[in-house]
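Chain residues, written in single-letter form:
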Amino acid sequence: MGERCVTEARKAGEYNDITGNLRSSIGYVVLLNGRAYQYGKPKTYRGRQKVKNSKGRLVRSKGDNGVKEGQAVLDKLAEEFAAKYPKGIVLIVAAGMKYAVYVEEIHNLNVLTSSELLADELVPRLLLQLGFKKV
């Protein structure tokens, strides 16, 4: 489910990928009984903007800051949610760049909304298929 949500967020993101960092920062972690069970594999997206590298040459932005920021946010959220939900399964999907909320709220562009809607639709079906009862 985490992979599906991240794929949805990355493909359906309506924003301009200037640096590649926002799309690169999207990831997930699954907690099982308060412990990180699985992290999504980070994927780096190159941006469209050219930046100066260490040698002063203009190159396309690699988006590698997004991967670092995304992992840091997931680690922090995993710790917070593990304390709050020590039992059961928790799926956390997040964008690590601080401006992700700004892009969604101010510019009304999809960053994570479509992945949240997908999870809302698919998670109950998946749980029923796995034998969990609706309460």
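First, a word on what this report is: a plain description of the structure on this page. (Residues numbered from 1 in each chain as written. Predicted model: local features only at pLDDT ≥ 70, side-chain atom pairs only at ≥ 80, totals over all residues. Heavy atoms only, no water.)

A short note on unusual backbone geometry
The bulk of non-glycine residues show a negative phi, and the bulk of peptide bonds are trans. Stated precisely, the cut-off is as follows: Elements are defined by DSSP. Helices are runs of H or I of four residues or more, strands are runs of E of two residues or more, and each kind is numbered from the N terminus. Three exposure classes are used, based on accessible area relative to the maximum for each residue type with a 1.4 Å probe and protein chains only: buried under 20%, partly exposed in between, and exposed over 50%.
Positive phi, close to 50°, is recorded for N33, a residue that is not glycine. Following the sequence through the fold, N33 ends up in the loop between β1 (26-32) and β2 (35-39). Not every positive phi belongs to a glycine, and N108 is a case in point at roughly 55°. Position of N108 among the secondary structure elements: in the loop between α4 (100-105) and α5 (113-129). A relative accessible area of 61% places N108 in the exposed class.

Overview of the packing of aromatic side chains
Heads up, the condition is: Put simply, two rings from Phe, Tyr or Trp (the six-membered ring, in Trp's case) pair if the centres are within 6.5 Å, and we call them stacked under 30 degrees between planes, edge-to-face over 60, tilted for the rest.
Within the structure shown, the criterion is met by one aromatic pair. Pairing F81 with Y85 gives two aromatic rings, centres 6.0 Å apart and planes at 20°, and the pair type is stacked. Residue classification places Y85 among the partly exposed positions, given a relative accessible area of 36%.

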